[in-house]
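# Structural overview for review
Listed below are the residues making up each chain.
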Amino acid sequence: MITLAAGRDARDATRTQQSEAVATMSIGSRISEQRCEIGWSQVRLANEAGVAQSAIGNIESGLRQRPRELVSIARAPACLAGMAGDWQRAEDRASAAQARRS
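Residues numbered from 1 in each chain as written. Predicted model: local features only at pLDDT ≥ 70, side-chain atom pairs only at ≥ 80, totals over all residues. Heavy atoms only, no water.

## Comments concerning the overall build of the protein
Counting its regular elements, the protein contains 6 helices and 0 strands. For the protein, the sequential pattern of α-helices and β-strands runs α-α-α-α-α-α. The buried share among the 102 residues of the protein stands at 25%. Put simply, 50% of the contacts in the protein that link residues at least 6 apart link residues at least 24 apart. (Helix = DSSP H or I, 4+ residues; strand = E, 2+ residues; numbered from the N terminus. Buried < 20%, exposed > 50% of the residue type's maximum accessible area, 1.4 Å probe, protein only. Contact = heavy atoms within 4.5 Å.)

## Observations regarding the pattern of salt bridges
Taken as a whole and assessed by the stated rule, the structure comprises 3 salt bridges. Two residues, E60 and R35, come together in a salt bridge whose shortest N-O distance is 2.7 Å. Remark: R35 occurs in helix 2 (residues 27-37) and E60 occurs in helix 4 (residues 53-61); sequence separation between them is 25 residues. Accessibility expressed as a relative area gives 9% for R35, which makes it buried. (Salt bridge = Lys/Arg side-chain N within 4 Å of Asp/Glu carboxyl O.)

## Section: the side chain of E60
The exposure class of E60 is buried, given its relative accessible area of 13%. Excluding its chain neighbours within four sequence positions, the residues that come into contact with E60 are G28, S29, I31, S32, R35 and Q42.

## Details of the nonpolar core
In terms of nonpolar packing, the biggest core is built from 12 residues, these being I27, I31, W40, L45, A46, A49, V51, I56, I59, L70, I73 and A76. Listing elements by their share of this core, those giving two or more residues are helix 2, helix 3 (42-49), helix 4 and helix 5 (70-74). If you tally residues by element for this core, the top one is helix 3, at 3 residues. (Core = buried A, V, L, I, M, F, W, Y, C linked by side-chain atoms within 4.5 Å.)

Note that all results are geometric; they support no functional claim without further evidence.
What follows is the structure, given as structure tokens:
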């Protein structure tokens, strides 16, 4: 009985650590991870988003914590699809709510 409880506690601790790691991942790290997943360079992402490559580098390295280019990056074709999709759905919901109020 004690062994089962200890194993369960260890699994719960591991899950908590994994959740905390994802929650504390910076936006720059998430952009870099997504960019690498689709095989794009910083230059390609910058070109697709219409921003400077240095902006991408600064965001990914953490030098820029609140990048004004974030929406442009998220809307870059085929890039950061999950993030862009989430933001687009949020914009769609906001637009629909505003239309209902009008």
